[in-house]
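Structural characterization, general
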Amino acid sequence: MSETAAFAPGPDPRVELLRVGQEQSPVLILDGLLDGAERLVDFAAETAVLAPVKAAVNFYPGVRAPAPPGYVQALVTALRPYLAETFGVAAGGKAHVTCALSIAVLPADQATWAQRLPHIDTTSPTQLAILHYLCSPPHGGTAFYRHRATGFEAIDPARGPAYLAALREEMATGAVGADEGYIAASNALFEQTAVVAPTFNRIIVYASNLLHAGVLSDRPADADPRRGRLTANTFFRPEAG
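A few points on the structure. (Residues numbered from 1 in each chain as written. Predicted model: local features only at pLDDT ≥ 70, side-chain atom pairs only at ≥ 80, totals over all residues. Heavy atoms only, no water.)

1. Focus: unusual backbone geometry
A cis geometry characterises the amide bond from proline 137 onward to proline 138, with omega recorded as 15°. Located in the positive-phi region is glutamine 24, a residue other than glycine, with phi close to 55°. Secondary-structure assignment places glutamine 24 in the loop between strand E1 (14-20) and strand E2 (25-31). Residue glutamine 24 is classed as partly exposed on the basis of its relative accessible area, which comes to 42%. Located in the positive-phi region is asparagine 201, a residue other than glycine, with phi close to 70°. When you line up the elements, asparagine 201 lands in the loop between strand E8 (190-196) and strand E9 (202-207). Under the relative-accessibility criterion, asparagine 201 is labelled buried at 12%. (Helix = DSSP H or I, 4+ residues; strand = E, 2+ residues; numbered from the N terminus. Buried < 20%, exposed > 50% of the residue type's maximum accessible area, 1.4 Å probe, protein only.)

Below, the structure written as structure tokens:
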């Protein structure tokens, strides 16, 4: 069996489309899109070399390793029709794709405020985030937010300067305390607009420029892929032409 065939399309995926926040941004939820999620957990536990993420490169509060190419190919192939229907991605268009297996392990008291608050992955409105849960409750899911001061839920290039200026002013005035944990609900700066619970082999897709955050424990339980908050995190950026 080839590596790609090990991650075959599921026979009957359950698909749900959420419209989150006042801006009604789409969040696609797919349960059982791929078979073989257990093999991905085995790969993370037995083969992958999970290493801490360097803050200068990425703010992810944990460890990561590249996902197997066969999984990435199978994932993108299975998702293509849904990406076309929901996000208008050309069915056969080229795209730049990166994917990593990830486990959040950094205690909140060691995290920066940028790691503890909602974030975006890019201001590009065309890049999509694809999050594959390889864990279940009690690990937390993913939440989406509105920045109270600006009212922004998505940050594109036009909104970026105003959002960053407002957020920096809030940080300078001590709006987030040093002892405040990972955001898990609404707080003084951000209003939670939706939350997607984790279910094993659930995939969610959303625009990378939506304000979002993992619902993380302040003291993550385990770095073992079989017990920790293991996810596969993929970024899909369509290429022009």
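This is not the end of the story, as more comes after the structure.
2. Examining the sheet that holds E1
The pairing of strands in a sheet comes from backbone hydrogen bonds and takes either a parallel or an antiparallel form. Ordered by their spatial adjacency, eight strands build an open sheet running E1-E2-E9-E6-E11-E5-E4-E3, and the pairing between neighbours is antiparallel. Since the sheet does not close on itself, it has two edges, and those belong to E1 and strand E3 (51-52), each with one partner. Pairing between strand E5 (residues 95-104) and strand E11 (residues 230-238): nine bridges, direction antiparallel. Bridging from a neighbouring strand, alanine 95 pairs with proline 238 of E11. The sheet contacts of helix H2 (residues 69-87) involve E1, E2, E5, strand E6 (128-133), E9 and E11, and relative to E2 the element is tilted by about 135°. (Pairing = 2+ DSSP bridges. Contact = heavy atoms within 4.5 Å. Axes fitted to C-alpha atoms, helices over the stretch in contact; angles between N-to-C directions.)

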